[in-house]
Amino acid sequence: MKHLLATDGLDPALATAVLDTADELKHTLLGREVKKLPTLRGRTVITLFYENSTRTRVSFEIAGKWMSADVINVSASSSSVNKGESLRDTALTLAAAGADCVIVRHPASGAAQRLAGWLAEPGTSVVNAGDGTHEHPTQALLDAATLRERLGSLKDRRIAIVGDVLHSRVARSNLHLLSALGAEVVLVAPPTLLPYGVESLPVTVSHDLDAELPAVDAVMMLRVQAERMHGGFFPSAREYSIAYGLSERRQKLLPDHAVVLHPGPMLRGMEIASAVADSPASAITEQVRNGVHVRMAVLYHLLASEGAAA
Ligand code: CP
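Residues numbered from 1 in each chain as written. Predicted model: local features only at pLDDT ≥ 70, side-chain atom pairs only at ≥ 80, totals over all residues.

> In this structure, what is going on with the UniProt feature "binding site: L-aspartate" (unreviewed entry) in the protein chain? I would like to understand it.
As annotated by UniProt and renumbered to match this structure, "binding site: L-aspartate" (unreviewed entry) occupies K83, R169 and R223. Of the residues just listed, which span 141 residues, the most distant C-alpha pair is 31.6 Å apart, and they do not cluster in one region. Tracing the backbone through its elements, the reader meets K83 in the loop between β2 (70-75) and α3 (87-96). Its 6 C-beta neighbours within 10 Å are what place K83 among the exposed residues. Topologically, R223 is positioned in the loop between β8 (218-221) and α8 (237-244). Judged by the 20 C-beta atoms lying within 10 Å of it, R223 falls in the buried class. Every residue in contact with R223, bar those within four places of it in the chain, is listed here: D164, P263, P265, L267 and E271. (UniProt positions renumbered as here; feature names shortened; annotations may be inferred. Helix = DSSP H or I, 4+ residues; strand = E, 2+ residues; numbered from the N terminus. Buried ≥ 20, exposed ≤ 12 C-beta atoms within 10 Å, placed from the backbone. Contact = placed C-beta atoms within 7 Å.)

Here it is as structure tokens:
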């Protein structure tokens with residue numbers, strides 16, 4: 001694997017190999033006081049973030065450090081981007097400085113793909129850490145890792161992705177990955193928060209959360225992305241919460257084994273009730289924990305495995 005830009009088109013065998021590596025890394029490191037492995041000693045990983053992040057940036061930094069890579073964090077707000085430097089010049093500068101891998105988050109859909117094109121000549125790997133409303137592939141991989149831990153195989157599992165699908169790169173990456181791994185995905189959202197062309201995606205669509213919950217193995221609540229709703233929020237926050245929030249009443253409709261996910265950051269009380277987010281069915285903290293091992297596995301497959309240059 002040379003880059004990780006999207007789950008749309010990602011070979012399911014490669015995705016499974018990354019998940020298996022993450023699982024192996026997790027069990028290798030479990031209970032160890034010192035978590036460092038020497039695998040990426042001498043390699044340089046740079047995170048380049050044009051949007052805010054807590055989970056993705058921190059877990060990539062920890063992942064790189066636990067693999068003994070040198071990790072450098074560049075945020076647009078404190079770099080020469082603030083003086084008007086373009087994404088292309090910024091990326092070429094990081095490659096010239098010695099980056100083996102650039103992990104990029106950017107508000108424009110397609111930015112990671114562009115970066116991979118510009119960095120083909122220096123041979124620097126690119127990971128998409130979220131590009132606009134397009135994709136967030138490592139989030140989908142960590143979600144799949146968490147679901148595999150709780151449910152076993154994803155084959156024929158029914159997974160509801162609920163809420164602001166229109167603006168969600170998490171939803172897009174998940175629906176492609178989960179369906180490639182054999183799961184059935186149902187998108188549950190108001191008509192105003194579904195993307196144009198949803199019929200062509202490998203999903204079914206519902207607007208009735210109460211009707212879907214009794215038949216799912218997992219429910220993935222989405223963040224409402226107010227920062228991308230330039231034309232205003234419709235339905236209103238209150239209407240949204242009533243129709244699509246995962247309340248305690250709604251949680252009772254789920255089968256006992258069903259898993260509750262949320263990529264974070266959560267709007268407690270609107271997208272999900274605190275009592276649900278903190279309940280035993282919730283895997284939200286495990287998602288964050290698995291994010292480190294999944295990102296270690298991604299760096300391994302990009303920079304250290306036999307197929308790294310493929
Ligand atoms: N889930 C996710 O991408 O969270 P951050 O924005 O905190 O990285």
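> How do you make sense of the UniProt feature "binding site: carbamoyl phosphate" (unreviewed entry) in the protein chain when you look at a structure like this?
When the UniProt feature table is mapped to this numbering, "binding site: carbamoyl phosphate" (unreviewed entry) covers R55, T56, R105, H136, Q139, G264 and P265. By the element assignment, R105 lies in strand β3 (residues 101-106). For R105, the residues in contact, after removing those within four places along its chain, are F49, Y50, E51, S53, T56, A129 and G130. When you line up the elements, P265 lands in the loop between β9 (259-261) and α10 (274-277). A residue is classified by how many C-beta atoms lie within 10 Å of it, and P265, with 12 of them, is exposed. Those residues in contact with P265 that lie beyond four places of it in its chain are T54 and R223.

> Just to check I follow, could you spell out the sheet that holds strand β4 (residues 125-131) for this structure?
Sheet strands associate in pairs through backbone hydrogen bonding, adopting either a parallel or an antiparallel arrangement. A sheet is described by the order of its strands in space; here 4 strands give the open sequence β2-β1-β3-β4, paired in parallel fashion. One side of each edge strand has no neighbouring strand; the edge strands of this open sheet are β2 and β4. Averaged over all neighbouring strand pairs, the angle between strand axes comes to 15 degrees, with direction disregarded. (Pairing = 2+ DSSP bridges. Axes fitted to C-alpha atoms, helices over the stretch in contact; angles between N-to-C directions.)

> Could you clarify how one ought to interpret the site of the ligand in this entry?
As a structural note, the neighbourhood of the ligand is formed by S53, T54, R55, T56, G130, Q139, P263, G264 and P265. Counted by class, the shell around the ligand contains 2 nonpolar, 6 polar and 1 charged residues. Here the shell around the ligand spans two domains, and each of domain 1 (12-135 + 288-303) and domain 2 (137-284) adds at least three residues to it. (Near = placed C-beta within 6 Å. Nonpolar A, V, L, I, M, F, W, Y, C, P; charged D, E, K, R; others polar. Domains from an automatic or database assignment.)

> I would appreciate a short explanation of the domain arrangement of the protein chain in the present structure.
Size of an interface, as often reported, equals the accessible area lost when the parts are brought together. Taken as a whole, the protein chain is organised into domain 1 (12-135 + 288-303) and domain 2 (137-284). Taken residue by residue, the interface counts 21 residues in domain 1 and 18 residues in domain 2. Elements represented by at least two residues in the side of domain 1 that touches domain 2 include exactly α1 (12-29), β4 and α11 (284-303). Residue composition of the side of domain 1 that touches domain 2, grouped by class: 9 nonpolar, 8 polar and 4 charged.

> Explanation requested: the nonpolar core in the structure shown.
Note on soluble globular proteins: their nonpolar side chains tend to be buried together. In this structure, V102, I161, V162, V219 and L299 are the most contacted members of the largest nonpolar core, which totals 98 residues. When residues in this core are grouped by element, the largest group, 10 residues, is from α11. Among residues more than four places away in sequence, those in contact with V162 are V188, A189, L209, V219, M220, M221, L222 and Y244. (Core = buried A, V, L, I, M, F, W, Y, C linked by C-beta atoms within 7 Å.)

> Looking at this model, I keep getting lost on α3. Mind explaining?
For the α-helix, the turn length of 3.6 residues means that residues three or four positions removed from each other point alike. All of the buried residues along α3 are T90, A91, L94 and A95. Burial along α3 is one-sided: seen end-on, the buried residues are contained in an arc of 135 degrees. Those residues of α3 that are buried lie in contact with β1 (44-49), β3 and α4 (111-118). Phi turns positive, to about 120 degrees, at G98, one or two residues after α3. (Arc of directions from axis to C-beta.)

> Help me understand the pairing of strand β6 (residues 184-188) in this model?
Within a regular strand, side chains alternate between the sheet's two faces. Across 5 bridges, strand β5 (residues 158-162) lies against β6 in parallel orientation. Directly across from R158, in β6, lies its bridge partner E184. Remark: the β5/helix α6 (residues 169-180)/β6 crossover connection has right-handed handedness. For β6 and strand β7 (residues 204-206), the ladder comprises 3 bridges, and the chain directions are parallel. For L187, the partnering residue across the bridge sits in β7 and is V205. (Right-handed = clockwise from strand over helix to strand, strands pointing away.)

> Before we go on, may I ask you to explain the sheet that holds β8 in this structure?
In spatial order, the strands read β7-β6-β5-β8-β9; together these 5 strands make up an open sheet with parallel pairing. Here the strands that pair on one side only, and so sit at the sheet edges, are β7 and β9. Neighbour to neighbour, the strand axes of the sheet diverge by 20 degrees on average, direction disregarded. Pairing of β8 with β9, which is carried by 3 bridges, proceeds in the parallel orientation.

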